[in-house]
Amino acid sequence: MTALMSNYARIPLTFVEGEGCFLTSESGERYLDFLSGVAVNSLGHAHPALTNALLVAAKMPIHVSNYYEIPGQEQAAATLCKLAKTTSVQNDEYRAVFGNSGAEANEAALKIVRKYTGRSKVISFFGGFHGRTYGALSMTAKPEIHNGFAPLVPDCEYAAFNDDEAIARIDNETAAVIVEFVQGEGGVNVARQKWIDALFTQAKSVGALVIADEVQTGCGRTGTFFSFEHFGVVPDIITLAKGLGGGVPVGVMLAKTCVAEVFTPGTHGSTFAGSPLICTVVNAVLGVIAEETFLHQVARHAEYFFEELQKIAAQYPEKICDIRGIGFLIGVEFVPENAAKNVWVELRRHKVLCGTAGSNVLRILPPLIASKSEIDLFLDIFQKVLLASK
Ligand code: PLP
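1. A few points about the pairing of strand β1 (residues 15–19)
Regular strands place side chains that alternate from one sheet face to the opposite one.
Point 1. Of all five residues in β1, zero are buried; the element is thus mostly exposed.
Point 2. Pairing of β1 with strand β2 (residues 22–25) involves four bridges; the strand directions are antiparallel. By the bridge assignment, Gly 18 is partnered in β2 with Leu 23.
Point 3. In textbook terms, the turn of a hairpin is the stretch between consecutive antiparallel strands, and for β1 and β2 this stretch comprises two residues, one of which, Gly 20, has a positive phi near 60°.

2. Structural notes on helix α10 (residues 276–289)
Point 1. Over its 14 residues, α10 extends 20 Å from the first C-alpha to the last, a length consistent with the 20 Å expected when each residue adds 1.5 Å.
Point 2. Across the 14 residues of α10, 12 count as buried, placing the element largely inside the fold.
Point 3. For α10, the set of buried residues is Pro 276, Ile 278, Cys 279, Thr 280, Val 281, Val 282, Asn 283, Ala 284, Val 285, Leu 286, Val 288 and Ile 289.

3. Topic: the environment of Asn 106
Point 1. Along the chain, Asn 106 falls in helix α4 (residues 102–117).
Point 2. In this structure Asn 106 comes out as buried when scored by relative accessible area, which is 0%.
Point 3. Along the backbone, Asn 106 and Asp 213 are 107 residues apart, and their C-alpha atoms lie at a distance of 7.5 Å.
Point 4. Setting aside chain neighbours within four positions, we find Asn 106 in contact with His 130, Ala 136, Met 139, Ile 178, Asp 213, Val 215 and Thr 239.
Point 5. A polar side-chain atom of Asn 106 sits 2.9 Å from the main-chain carbonyl oxygen of His 130.
Point 6. Side chain to side chain, Asn 106 and Asp 213 meet in a polar contact 2.9 Å long.

4. Considerations on the site of the ligand
Point 1. Residues in close proximity to the ligand total 13 residues, the closest being Gly 102, Ala 103, Phe 129, Asp 213 and Gln 216.
Point 2. Gln 216 has a polar side-chain atom sitting 2.8 Å from an oxygen atom of the ligand.
Point 3. In this structure, an oxygen atom belonging to the ligand sits 3.2 Å away from a side-chain N or O atom of Lys 242.
Point 4. Protein coverage of the free-state accessible area of the ligand, which is 390 Å², stands at 82%.
Point 5. In terms of residue count, α4 provides more of the shell around the ligand than any other element does, three residues in total.
Point 6. Within the shell around the ligand, the residues separate by chemical class into three nonpolar, six polar and four charged.

5. Regarding the sheet that holds strand β13 (residues 320–326)
Strand pairing within a sheet occurs via backbone hydrogen bonds; the two strands may be parallel or antiparallel.
Point 1. With respect to topology, four strands assemble into an open sheet ordered β13-β14-β17-β16, the strand pairing being antiparallel. Where the open sheet ends on each side, the last strands, each with one partner, are β13 and β16 (355–357). Each strand of the sheet is rotated relative to its neighbour by a mean of 30°, with strand direction disregarded.
Point 2. Bridge count between strand β14 (residues 329–334) and strand β17 (residues 361–364): four bridges; the pairing is antiparallel. Following the sheet pairing, Ile 330 is matched in β17 by Ile 364.
Point 3. Its contacts with the sheet place helix α11 (residues 292–315) against β13, β14 and β17, and it is angled at close to 175° to β13.
Point 4. Set on the sheet, helix α13 (residues 372–388) makes contact with β13, β14 and β17; between it and β14 the angle comes to about 10°.

6. Things to note about the sheet that holds β2
Point 1. Spatially, the four strands line up as an open sheet ordered β1-β2-β3-β15, and their pairing is mixed. Both outer strands of the open sheet, β1 and β15 (352–353), are each paired with one neighbouring strand and no more.
Point 2. Each of β2, β3 (30–33) and β15 is contacted by α13, which is oriented at about 105° to β3, the strand it contacts most.

Analysis parameters
Residues numbered from 1 in each chain as written. Predicted model: local features only at pLDDT ≥ 70, side-chain atom pairs only at ≥ 80, totals over all residues. Heavy atoms only, no water. Buried < 20%, exposed > 50% of the residue type's maximum accessible area, 1.4 Å probe, protein only. Helix = DSSP H or I, 4+ residues; strand = E, 2+ residues; numbered from the N terminus. Pairing = 2+ DSSP bridges. Expected span 1.5 Å × (residues − 1). Contact = heavy atoms within 4.5 Å. Polar contact = N/O pair within 3.5 Å; in protein donor to acceptor, adjacent residues only side chain to side chain. Near = heavy atom within 4 Å. Areas by Shrake-Rupley, 256 points an atom, 1.4 Å probe, with all protein chains shown as cover. Nonpolar A, V, L, I, M, F, W, Y, C, P; charged D, E, K, R; others polar. Axes fitted to C-alpha atoms, helices over the stretch in contact; angles between N-to-C directions.

What follows is the structure in structure tokens.
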């Protein structure tokens, strides 16, 4: 009997220790963690930078409220805005506002685009996922998770991902388009370059803003700090969360300065957002992952992982139909119905953790610190599981 609500279908496993890419269960069994708390544990478990930051933060006032100045919050914002600026050819300046989760960052985005443009329509794409709070839920084109929660936030419209006809839906009544450059929850679907180019061109021509939902893809997951860097475009608004805190709850929205200006005192806020505790950790995480050499290593390891997975896929054409993704956000699509779920269960039986996504996709999200030997361990067990599976 549990006192918890049953909104999660939990796996009966409890972890009591973690180090690097490994978690140890209550019964002392060691698991390779290639789920990373769903793209959150960017530095793996018990990383010295993260542990030290928590120790430092514990001796500070861990919370003071946004009534006062918080130097750690300023520092984190400055780092993130600088990273966003350096991706942009025009050297656009950004400003940041903190929240506590990915959904909250997207809520802030929904509010700011409406206030800035004076328009209400927001377009999102099937297969996308933006969160569970009302605005974020309303922008998530998944009718099955809307069930029973009507009415949703009005003027949230859905279009087909990677579909040229969807571009024409962006018109002069559109406040913004929200897009994941790689849809994580939806099955690791990578946006087409031409489609992204057309989307940005159309949005610009009608005065609509583009929100890049980088909650899952951001903070180095794809081998660059932001996933949009792979596409050579610069969004007006960027939302980040998951990997940013390495495990502590944080979300942030970055907006170009002209847009950011509409968030005047009293327009938006959150009690807990950007506390000294959270920002001390965020600054430590950024200190590791925002380094070019670190990101190059992620990209190199991810490329190796991808190539080896492709070799395995070529041996099992009757089982695997696609390997896709960018960096350490990898999807393996299986052929027969439910095969991804079966492989996922079998991997766990062999002490390897990962996820599933979309309809029949195994989602692999290693911590960004994963080494070649840890990748080899995954590949070895993956091959064993494939060989044994019918
Ligand atoms: N956006 C994307 C792309 C996500 O993958 C998620 C969560 O999986 C969210 C938003 C919502 O984030 P959170 O669960 O922190 O509210």
